[in-house]
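# Examining the three-dimensional arrangement
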Amino acid sequence: KVLGLSFVSSIKIIFVISTVLSVVAMFWALSQFFSRYASFAGAIIYMFVPYRFVDLYVRGSLGENLAFAIASIILGSIFKIAKNQKKYLPILSISIALIVISHNVIAIIFIPMFFLLSILLIKKDIFRIVIAFVVGLLMSSFFWLPALYDLQFVRLSQINVSNVSDHL
């Protein structure tokens, strides 16, 4: 026991903190372009998307829940960099690394979308954006390089993890 908490209590605390962080970070990200009320509404919608409920209450995917919080930070960093605040480039790189470490599948889905968004928004500093994304991927390479190597030993296509109709 660390800090006197049981394993179950610590997992619950991580779920609560990551959910709150995702809402606060999404509000911060959206407030770069929208009013406070619109940003608040967007953050609340981000929290109450049905997939997040399934993820939290049915699947209990800790890594995926953390990835949703980190995705909000990435989005906010891109918006800040688009407003010519270059000090958010290291935050973008660290956040890219953290999303890869937290959940591979979410990273594979979100990183190309974030890269495309940043290229569209930040046309004058494309080189720095590319470097930030590459540095983030390099920081997380200790995690994803062994995962890519180990794919040859995993039978993902032969194992039925869940049935989609169970969640609709």
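What counts and how
- Residues numbered from 1 in each chain as written.
- Predicted model: local features only at pLDDT ≥ 70, side-chain atom pairs only at ≥ 80, totals over all residues.
- Heavy atoms only, no water.
- Axes fitted to C-alpha atoms, helices over the stretch in contact; angles between N-to-C directions.
- Helix = DSSP H or I, 4+ residues; strand = E, 2+ residues; numbered from the N terminus.
- Left-handed = near helix turned anticlockwise from the far one by under 90°.
- Contact = heavy atoms within 4.5 Å.
- Nonpolar A, V, L, I, M, F, W, Y, C, P; charged D, E, K, R; others polar.
- Core = buried A, V, L, I, M, F, W, Y, C linked by side-chain atoms within 4.5 Å.
- Buried < 20%, exposed > 50% of the residue type's maximum accessible area, 1.4 Å probe, protein only.
- Polar contact = N/O pair within 3.5 Å; in protein donor to acceptor, adjacent residues only side chain to side chain.
- pLDDT = per-residue confidence, 0-100.
- Expected span 1.5 Å × (residues − 1).
- Arc of directions from axis to C-beta.

## A closer look at the packing of helix α3 (residues 50–59) against helix α4 (residues 62–82)
For any two helices packed against each other, the geometry comes down to the angle between their axes and how far apart the axes lie. Between α3 and α4, the shortest axis-to-axis distance is 9 Å and the interhelical angle comes to 145 degrees. Here α3 and α4 pass one another in a crossing that is left-handed. Residues Tyr51, Arg52, Asp55, Leu56 and Arg59 of α3 touch α4, and the partners they reach there are Glu64, Asn65 and Phe68. Its residues placed into classes, the contact of α3 with α4 shows three nonpolar, one polar and four charged.

## Quick look at the nonpolar core
Formed by 30 residues in total, the largest nonpolar core has its most connected members in Ile74, Leu92, Ile99 and Phe114. Broken down by secondary-structure element, the contributors of at least two residues to this core are α1 (7–30), α2 (36–47), α4, α5 (89–102), α6 (104–121) and α7 (126–139). Ranked by the residues each element gives to this core, the list is headed by α4, at nine residues. Contacts of Ile74, omitting those with residues within four sequence positions, involve Leu92, Ser95, Ile96, Ile99 and Phe114.

## Focus on the side chain of Ser39
Locating Ser39 in the fold gives a position in helix α2. Judged by its relative accessible area of 0%, Ser39 is buried. Side-chain polar atoms of Ser39 contact the backbone oxygen of Leu30, separated by 3.3 Å. A polar contact of 3.1 Å, which involves the side chain of Ser39, links it to the backbone nitrogen of Ser31. Residue contacts for Ser39: discarding those within four places in its chain leaves Phe27, Leu30, Ser31 and Phe34.

## Digging into the confidence of the model for the protein
Low-pLDDT portions of the prediction should not be read for the details of their coordinates. For the protein, mean pLDDT is 89; residues scoring 70 or higher make up 95% of the total. Confidence, read as mean pLDDT per element, is least for α3 in the protein (79) and greatest for α5 (96).

## Remarks on α7
Between the first and last C-alpha of α7 there are 20 Å, a value that for 14 residues agrees with the 20 Å anticipated at 1.5 Å per step. Taken residue by residue, α7 has Ile129, Ala132, Phe133 and Gly136 as its buried positions. Projected down its long axis, α7 shows its buried positions confined to an angular sector of 90 degrees, all on one face. Those residues of α7 that are exposed and aimed more than 90 degrees away from the buried face are Phe127 and Leu138. On its buried face, α7 is in contact with α4, α5 and α6.

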